[in-house]
Amino acid sequence: MSSYRPSVDNVILASSNEKDGLYEFIVHMVDGTECRVFYNRTPEWKLTNISRLQKTPCPVCRKDFICRCMESFTGEIDQQMNEGQWFEKAATKA
Ligand SMILES: [Zn+2]
């Protein structure tokens, strides 16, 4: 088991389809890891997909190609998105 814990540092809205309630965010972690995260906000914000951007090696398995490690942090990242009010912050910056 890895001791890695994601820590959300900044969130940017990459794309959205407000009519369908679909949002794509780029989430920057404190350690430099970046993830592409998809949400459906109907009826409430729900994380539907997460994948690591392959700019830096995976903080968990150290691979620099596609892996699914970040999926195991879905709940934790979702919680930080809520606690940090990133939906509101990122949406108004778009
Ligand atoms: Zn990995």
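What you see is a predicted model, and the numbers here were worked out from it, not measured in a lab.

> Even after reading the chapter, I still don't get the pairing of strand β3 (residues 34-40), so can you show me in this structure?
Consecutive residues of a regular strand have side chains that alternate between opposite faces of the sheet. Only one face of β3 is buried, namely the one carrying Cys-35, Val-37 and Tyr-39, since none of Glu-34, Arg-36, Phe-38 and Asn-40 on the opposite face is buried. Alignment of strand β2 (residues 22-29) against β3, held across 7 bridges, turns out to be antiparallel. Bridged to Glu-24 within β3 is Phe-38. Hairpin connection between β2 and β3: a loop of 4 residues separates the two successive antiparallel strands, and Gly-32 in this loop has a positive phi of roughly 100°. Bridge analysis of β3 against strand β4 (residues 46-52) gives 6 bridges, and the strand direction is antiparallel. What sits directly across from Phe-38, in β4, is Asn-49. What sits between β3 and β4 in their antiparallel hairpin is a turn of 5 residues.

Reading the values: rules and limits
- In this convention, every chain numbers its residues from 1, walking through the sequence in written order.
- Given that the model is predicted, a residue must reach a pLDDT of at least 70 before its local features are reported, and side-chain atom pairs must reach 80 or more before they are shown or counted; all residues, however, enter totals for whole chains, interfaces and linings.
- Buried, partly exposed and exposed are defined by the number of other C-beta atoms within 10 Å of a residue's own C-beta, namely 20 or more, between the two limits, and 12 or fewer respectively, with C-beta atoms placed from the backbone.
- Strands here mean DSSP runs of E at least two residues long; helices mean DSSP runs of H or I at least four residues long; both are numbered from the N terminus.
- By the convention used here, strands pair only if DSSP detects at least 2 bridges between them.

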